[in-house]
Amino acid sequence: MHRAPEPEATDERGLLLGWLAFHRDALAAKCADLADEQLVIASTPPSDLSLLGLVRHLTEMEDHYLVQALSGVDTGLLYCTDDDPDGDIVGLDATMAGDSVARWHEVRGEADVLLAAHADLGDPARSRTVRWYVAKVVQEYARHNGHADLIRQAIDGAVGE
């Protein structure tokens, strides 16, 4: 699969958006060529974390910290509720894979459109700046891509970025 390389940009915008693209593609690569049943294999007990759970969690993060923050429209969480606060990660099954991955790509596209409308990362968005929200999402991906590495290795031995 084609993957965004580590960014070589010297400007802040290119650097932050480059890392966002890099980390999005890193997670996609960890999920590539796996059956839906493999995407829901939990890492190690007692954790319920799976690759599909990471996709759903990062969909929540992109939607909350980019789409909702930059659009100013609060639509609530996608998977988590008061009754099911871990709905992005817990109780998943293989039948959820197709829709969840499609929603991840949809939310990423919405975020990209909103980011393109902000030439200045210092623009205000909710109570912070666009810069802060992009950095928040990049760190979420970076943190969870380490988990994805370990989960994928446990599934089929695949290692590397």
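Here, every reference points to the structure presented above.
Let me begin by describing the structure that accompanies this report. If you're wondering where the values come from, they're calculated on a predicted model, not measured in any experiment.

1. Section: the overall build of the protein chain
When helices and strands are counted, the protein chain shows five helices and two strands. Going residue by residue from the N terminus, the α and β elements of the protein chain occur as α-α-α-α-β-β-α. Against the globule reference of 15 Å for 161 residues, the protein chain gives a C-alpha radius of gyration of 16 Å, in line with a compact fold. The principal-axis extents of the C-alpha atoms in the protein chain amount to approximately 40 × 40 × 25 Å. Residue burial in the protein chain is summarised as follows: out of 161 residues, 43% are buried. Within the structure as shown, the protein chain displays about 8200 Å² of accessible surface, and the carbon and sulfur contribution to it stands at 53%. Each charge class in the protein chain can be summarised by its mean position, and for the 13 positive and 29 negative side chains these summaries are 4 Å apart.

2. Comments concerning the nonpolar core
Counting residues in hydrophobic clusters, the biggest one holds 37 residues, and the most contacted among them are Leu-27, Leu-51 and Leu-66. At the level of secondary structure, the elements contributing two or more residues to this core comprise α1 (12-31), α3 (51-71), α4 (97-116) and α5 (130-156). When residues of this core are assigned to their parent elements, the largest contribution, eleven residues, is made by α3. In this view, Leu-27 contacts Leu-54, Val-55, Leu-58, Trp-104, Tyr-141, Asn-145 and Ala-148; residues no more than four positions away in its chain are not counted.

3. Remarks on the state of the cysteines
In the structure shown here, the tally under the stated rule is zero disulfides. Just so you know, Cys-80 is unpaired, no disulfide at all, and the nearest cysteine sulfur is the one on Cys-31, 17 Å from it.

4. So, the packing of aromatic side chains
Counted by the stated rule, this structure contains four aromatic pairs. Centre to centre, the rings of Trp-19 and Phe-22 are 5.3 Å apart; their planes meet at 85°, and the pair counts as edge-to-face. Of this pair, Trp-19 and Phe-22 both sit in helix α1, three residues apart, which is roughly one turn of that helix. What makes Phe-22 buried here is its relative accessible area of 7%. Among the aromatic residues, ring-to-ring pairing joins Tyr-65, Trp-132 and Tyr-133 into one connected group. Taking NZ or CZ as reference, Arg-56 lies 3.7 Å from the ring centre of Tyr-79, over its face. Here the basic side chain of Arg-128 rests over the ring of Trp-132, its NZ or CZ set 3.9 Å away from the ring centre.

5. Section: unusual backbone geometry
Of note, the amide linkage connecting Pro-45 to Pro-46 takes the cis form, showing an omega dihedral of 5°. Considering the arrangement of structural elements, one finds Pro-46 in the loop between α2 (36-39) and α3. Notably, Arg-126 is not glycine yet its phi reads approximately 55°, a positive angle. Relative to the elements of secondary structure, Arg-126 occurs in the loop between β1 (124-125) and β2 (128-129). Accessibility expressed as a relative area gives 39% for Arg-126, which makes it partly exposed.

About the cut-offs
- Residues numbered from 1 in each chain as written.
- Predicted model: local features only at pLDDT ≥ 70, side-chain atom pairs only at ≥ 80, totals over all residues.
- Heavy atoms only, no water.
- Helix = DSSP H or I, 4+ residues; strand = E, 2+ residues; numbered from the N terminus.
- Rg over C-alpha atoms; globule rule 2.2 N^0.38 Å.
- Buried < 20%, exposed > 50% of the residue type's maximum accessible area, 1.4 Å probe, protein only.
- Areas by Shrake-Rupley, 256 points an atom, 1.4 Å probe, with all protein chains shown as cover.
- Lys, Arg positive; Asp, Glu negative; His and termini not counted.
- Charge placed at Lys NZ, Arg CZ, Asp CG, Glu CD.
- Core = buried A, V, L, I, M, F, W, Y, C linked by side-chain atoms within 4.5 Å.
- Contact = heavy atoms within 4.5 Å.
- Disulfide = S-S within 2.5 Å.
- Phe/Tyr/Trp six-rings, centres within 6.5 Å; stacked < 30°, edge-to-face > 60°.
- Lys NZ or Arg CZ within 6 Å of the ring centre and 35° of its normal.

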